[in-house]
Amino acid sequence: MIYYFAYGSNLHHLQMKRRCPNCRFVKKMILKNYRMTFRSKYGAADIEKKTGSKVYGALYTISKAAER
C-alpha cells in the first residue's frame, strides 16, 4: 500500500472510493507551507509550495494499481 494525500474534490469519500476502490481513509491532515491552486485550463486543483500557507486534506492508503 502507498500513502496518498487527498485534497480538493478527493476529500469526498465516495468520489475517492470510485477512483480508488480499495483505498482506506487513515486520518485528516494539514500540509503546511503549501497552498492549493488551479493551474490547468480545466480547473483541476494542484498544490504548490507557499511559506505560511496550508492545505487541508486527508491521508489515505491506496494500491499500486490506483497510483498508476
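Structure's up top.
Residues numbered from 1 in each chain as written. Predicted model: local features only at pLDDT ≥ 70, side-chain atom pairs only at ≥ 80, totals over all residues. Heavy atoms only, no water.

## As for the environment of Asn-33
Link 1 in the chain: By the element assignment, Asn-33 lies in strand 2 (residues 24-38).
Link 2 in the chain: Classification of Asn-33 as partly exposed rests on a relative accessible area of 38%.
Link 3 in the chain: Sequence separation of Asn-33 and Cys-20 is 13 residues, and the distance between their C-alpha atoms is 27 Å.
Link 4 in the chain: For Asn-33, the contacting residues outside a window of four places in its chain are Glu-48, Lys-49, Lys-50, Thr-51, Gly-52 and Ser-53.
Link 5 in the chain: A distance of 2.9 Å separates the side chain of Asn-33 from the backbone nitrogen of Gly-52, its partner in a polar contact. (Helix = DSSP H or I, 4+ residues; strand = E, 2+ residues; numbered from the N terminus. Buried < 20%, exposed > 50% of the residue type's maximum accessible area, 1.4 Å probe, protein only. Contact = heavy atoms within 4.5 Å. Polar contact = N/O pair within 3.5 Å; in protein donor to acceptor, adjacent residues only side chain to side chain.)

Without other data, these values stay purely geometric and don't point to any function.
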